[in-house]
Amino acid sequence: MSQIHFYPKDKKQKTSSIQAYITGGGQRKKIGLGISVEVSNWNFKSERLNKSKALTVSEQKDNKFLDKIETIFIEYKGEAISVITEKIKKFVATGALGKTQTLVEGFNLVINATPKASTKTAYKSTRNVIIAFRDVPFNAVDMDYADSLTDHLMRLDAAKNTIGKHVKHIKSVMQKTHKRGLHENLKFRDFSVTKEEIDNIALNEKELQKLKDIQLSGLSEAVRDLFLMGCYTGLRFSDFYQINLDAIEDNILTIPQTEKTGESVVIPLKNDAVRIINKYGTLPKVPSNQLFNRMIKKIAESAGIEGSQMITRTIGGVKQTTTEQRPQLIASHTARRTFATLAYKSNVPTLSIMKITGHKTEASFLNYIKVDKKEHAVLISKHPFFK
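In this report, the structure presented in the accompanying data block is examined. (Residues numbered from 1 in each chain as written. Predicted model: local features only at pLDDT ≥ 70, side-chain atom pairs only at ≥ 80, totals over all residues. Heavy atoms only, no water.)

Quick look at the packing of aromatic side chains now. As enumerated under the stated definition, the model contains seven aromatic pairs in all. Centre to centre, the rings of phenylalanine 65 and phenylalanine 91 are 5.3 Å apart; their planes meet at 25°, and the pair counts as stacked. With phenylalanine 65 in helix H1 (residues 57-76) and phenylalanine 91 in helix H2 (residues 81-94), this residue pair connects regions lying 26 residues apart in the sequence. Note on phenylalanine 65: relative accessible area 19%, which makes it buried. One aromatic cluster is present, formed by Phe237, Phe240 and Phe292 through successive ring pairs. (Phe/Tyr/Trp six-rings, centres within 6.5 Å; stacked < 30°, edge-to-face > 60°. Helix = DSSP H or I, 4+ residues; strand = E, 2+ residues; numbered from the N terminus. Buried < 20%, exposed > 50% of the residue type's maximum accessible area, 1.4 Å probe, protein only.)

Another point: the pattern of salt bridges. Applying the stated criterion across every chain, the model contains nine salt bridges. One salt bridge connects lysine 279 with glutamate 221, and the closest N-O pair in it is separated by 2.5 Å. Here glutamate 221 lies in helix H8 (residues 218-233) and lysine 279 lies in helix H9 (residues 271-280), a separation of 58 residues in the sequence. Of the charged contacts, one joins lysine 279 and aspartate 225 as a salt bridge, the two residues approaching to 2.8 Å between their closest N and O atoms. In this pair, lysine 279 is assigned in helix H9 and aspartate 225 in helix H8, connecting sequence segments 54 residues apart. Each of Glu221, Arg224, Asp225 and Lys279 takes part in salt bridges that share partners, so that together they form one network. (Salt bridge = Lys/Arg side-chain N within 4 Å of Asp/Glu carboxyl O.)

We now examine a positive patch on the surface. On the surface, Lys51, Lys176, Lys179 and Arg189 cluster together into a patch of positive charge. Position of lysine 179 relative to the elements: it lies in helix H6 (residues 160-179). Judged by its relative accessible area of 55%, lysine 179 falls in the exposed class. (Patch = residues over 30% accessible without salt bridge, like charges linked within 9 Å, V, L, I, M, F, W, Y side chains within 5 Å. Areas by Shrake-Rupley, 256 points an atom, 1.4 Å probe, with all protein chains shown as cover. Lys, Arg positive; Asp, Glu negative; His and termini not counted. Charge placed at Lys NZ, Arg CZ, Asp CG, Glu CD.)

Position of isoleucine 88 among the secondary structure elements: in helix H2. Sequence-wise, isoleucine 88 and aspartate 272 are 184 residues apart; in three dimensions their C-alpha atoms are separated by 57 Å. Aside from chain neighbours lying at most four places away, what touches isoleucine 88 is Ile4, Ile22, Ile31, Ile69, Ile72 and Phe73. (Contact = heavy atoms within 4.5 Å.)

Attention now moves to the nonpolar core. Of all hydrophobic cores here, the largest spans 53 residues; its most connected members are Leu203, Leu211, Phe227, Leu235, Ile243, Leu253 and Ile330. The element that contributes the greatest number of residues to this core is H8, accounting for seven residues. Among all residues touching leucine 211, those that are not within four sequence positions of it are Leu203, Arg224, Phe227, Leu228, Ile299, Ala300, Ala303 and Ile305. The next biggest cluster of nonpolar side chains, apart from the first, holds 49 residues, and it includes Leu33, Leu49, Ile130 and Phe138. (Core = buried A, V, L, I, M, F, W, Y, C linked by side-chain atoms within 4.5 Å.)

Glancing now at the layout of surface pockets. In this structure, the second largest pocket occupies an estimated 390 Å³ of space. Taken together, 19 residues line the second largest pocket, and the ones lying closest to its centre are Cys231, Lys270, Phe339, Leu342 and Ala343. The biggest single contributor to the lining of the second largest pocket is helix H7 (residues 205-213), with four residues. Across the lining of the second largest pocket, the residue classes tally to 12 nonpolar, three polar and four charged. (1 Å grid on protein atoms, 1.4 Å probe; cavity = no way out; pocket = protein on both sides within 12 Å on 5 of 7 lines; lining within 4 Å. Points joined across faces, edges and corners; volume = space filled by probe spheres on them. Nonpolar A, V, L, I, M, F, W, Y, C, P; charged D, E, K, R; others polar.)

Here you go:
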């Protein structure tokens, strides 16, 4: 795969011109960019003028200029090195940008530049919504466009959180493409991202025991065991693949970098979790999160998990309340919520749980767990203050 790097032509000099070096397919091309910098101000890691100090207006323009060149490279990196080189030379000579001019093209650019598969999938989902609705130039992405898209999705009976997710992705892509110098439209900053708390469930100890006790085999057994690991560790489905014997020392599991946040997490393991890891060595893989969610619902029903729950959500702009069976509400994320809820009910310090779940504020954590007012009252009744 081709790569691009920016380096001073002569780093031993006080000032030097910056050149672009493009490699790929056994080829290496060098392009003069027509800008010169003080070498002492150059950051060889970020390949930009050092942002740790106050940059002059000229230096800021040079960094934006390099961002635009990198954007053109990303757009055409699937092409031959000669094609990429010509496109960049044309921009250097004329200031003509690449082909990214509309919102959908902006999504394509961001998707190509995003390494995480889950993030790519999320952006692709919103891109497809925009294609079905209306693609527009960057400068037409304003409040009228956001309101029209929201009305369109409401007519399709989209959930409030689904609409909020798409608006959030549009804001993100507009921000990223603005930083790359592709447009000067900042109206997206005024878009509001709607969100409502859905009554997602957490399993109780008895339900967890039912899942543990049911006799299963094959893929069903693997799905059940993975779900239990989520309940025991609080990890997301996307991080299960990192759980193995090499990651454990003295019953402490260390995940160097989680998939979603990129942060490390260290988790003490319950004996039940250790037994599952010893059973497999490296946890089994499930083809997809969608298959996992379908199977865990059936497994929960077979295990005897019963009961119903009232769920209120906004669909098509109208609040709707339905009664749903608990097994049908269980999904991969239920395991993580179960971990947080049961740990809180067991009087594990809130901040300690947050270190594992990654919640930044206590308010967001308390909103996440499933503990009702009566359960809160029972918990605090055990405090010496109430004796």
